[in-house]
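# Overview (structure and organization)
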Amino acid sequence: ETLGKRTEMLCQRRALVAWLQPKAAAASLCGALAAALPPGLSVVQRDGTRESRSVPLPAFSFRPLTSSGSNERTSFGCSWASRRFSSLSSLPNEVQRGPWRKMNLYTAVNDALRIALATDDTACVFGEDVSFGGVFRCTQGLAEAYGRDRVFNTPLCEQGIAGFGIGLAAMGKTAIAEIQFADYIFPAFDQLVNEAAKYRYRSGGEFNCGGLTVRAPYGAVGHGGHYHSQSPEAFFTHCPGLKVVIPSSPAEAKGLLLASIREPDPVIFLEPKWLYRQAVEQVPEEDYLLPLGKAQVIRQGEHITMVGWGAQVLVLAELADNLKQQGVSCEVIDLRSLSPWDSATIEESVNKTGRLLVSHEAPITSGFAAEIVARTAEKCFLRLEAPPARVCGYDTPFPCTHEPFYVPGEVRLREAV
């Protein structure tokens, strides 16, 4: 039973290697494990023989990408496409009519930055290594298209990046700063929470740095360890004056990033790096905005409400699809904005289902799930059928080799449901 649970958790990653002794019993176990694997994964025995499955991938699964560098390197499932088109249904008709283009999340971010630079002559993009495209290629081609006086590298000094962005925004410019990994945003913490967040308040509205947007890739990536995998969103939700936004798909990334750049308040925009190349869908090529502070119901259900953001939304959606086959109807909500957050949508859902589960990668203690659970328990107490549950990361540093056990996966989520 323990082996089965651990195997299921490991199967959430791209490969599973079981070093089994080449005996008849081991070979039988290897075959059983292979039959339970997600499509495209293999079990390799010690003698080198391989058991694998080769069947069509289901919708909403992550496909490995080729090295071609093209936007055509992977496809998307029908339920992903249906969800995204639904979430964009409030856009103007001219945007809905197209054209549309297949993008992954990092190319959607790049497209949003291109539009921001093209439509605002005061906009500048800066950070470590951004002039040649950045570690994740999100700024690729921008310096060549808009000039190195508007897209430029900075020293390796996150405090300086944030301070420069605050000053640039205070002078009426649009400052789009990149912190190379969200794990390294902490040297800039003082500038962001004591300067950017309070600039308008402390001057009585005479000055502000609302033109500042700070982008940072966050969360698990499969091999990042404790310095390249953290989820620091809860630190910033505790600070009035900052908005915190996290997309979960390419279409969301483009619409929410453009909205954040044009928002008259400083925004921390966290991008789930696990999805940079894994998440692919059709995205409108036109300039469009998605509202900040508004959650999106991506699965309708009756028995339980499940809330997440970033890459965890896809884990919840896939779990909801699997549980539906067993007669459990799950409503899944993509929070999208954590500050401000859409408590009304969650309360409406919980009043209907009577149950709540919130999941995120950050440690459970003082994570943002605690705020959602507390508010919902206060507002929906008489309608709750069970205590609200949290399935989150553990209160430990983010591990490297044990990442599959740390990140909330289907096994832990299913048990909580």
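Above this text sits the structure in question.
## Here's the deal with the sheet that holds strand β14 (residues 337-339)
The strand order across the open sheet formed by 7 strands is β5-β4-β6-β7-β9-β8-β14, and the pairing between neighbours is mixed. Two strands bound the open sheet, and with one partner strand each, they are β5 (151-153) and β14. Ignoring which end each strand starts from, the neighbouring axes of this sheet average 20° apart. Taken strand by strand, helix α5 (residues 105-119) contacts β4 (123-127), β5, β6 (174-178), β7 (212-218) and β9 (267-272), and its axis lies near 135° from that of β4.

## As for the environment of P408
Note on placement: P408 falls in the loop between α15 (403-406) and α16 (410-416). For P408, a relative accessible area of 1% puts it in the buried group. Expressed as a C-alpha distance, the spacing of P408 and S359, which sit 49 residues apart in the sequence, is 7.3 Å. Among all residues touching P408, those that are not within four sequence positions of it are Q312, V315, S359, H360, E361, V391, C392, G393 and L413.

## What to know about the packing of aromatic side chains
Applying the stated criterion across every chain yields a total of 12 aromatic pairs. Consider the rings of F126 and F152, whose centres lie 5.7 Å apart with planes at 10°: the pair is stacked. Residue F126 is located in strand β4, and its partner F152 is located in strand β5; the two are separated by 26 residues in the primary sequence. Taking relative accessible area as the criterion, F126 reaches 0% and is therefore assigned buried. Ring geometry for F398 versus Y406: centroids 4.7 Å apart, planes at 55°, classification tilted. Neither residue differs from the other here; F398 and Y406 are each classed as buried. Connected via pairs of aromatic rings, a cluster forms that spans F186, F189, F235 and F236. Positioned above the aromatic ring of Y106 is the side chain of R277, whose terminal nitrogen or guanidinium carbon lies 4.4 Å from the ring centre.

Analysis parameters
- Residues numbered from 1 in each chain as written.
- Predicted model: local features only at pLDDT ≥ 70, side-chain atom pairs only at ≥ 80, totals over all residues.
- Heavy atoms only, no water.
- Pairing = 2+ DSSP bridges.
- Helix = DSSP H or I, 4+ residues; strand = E, 2+ residues; numbered from the N terminus.
- Axes fitted to C-alpha atoms, helices over the stretch in contact; angles between N-to-C directions.
- Contact = heavy atoms within 4.5 Å.
- Buried < 20%, exposed > 50% of the residue type's maximum accessible area, 1.4 Å probe, protein only.
- Phe/Tyr/Trp six-rings, centres within 6.5 Å; stacked < 30°, edge-to-face > 60°.
- Lys NZ or Arg CZ within 6 Å of the ring centre and 35° of its normal.

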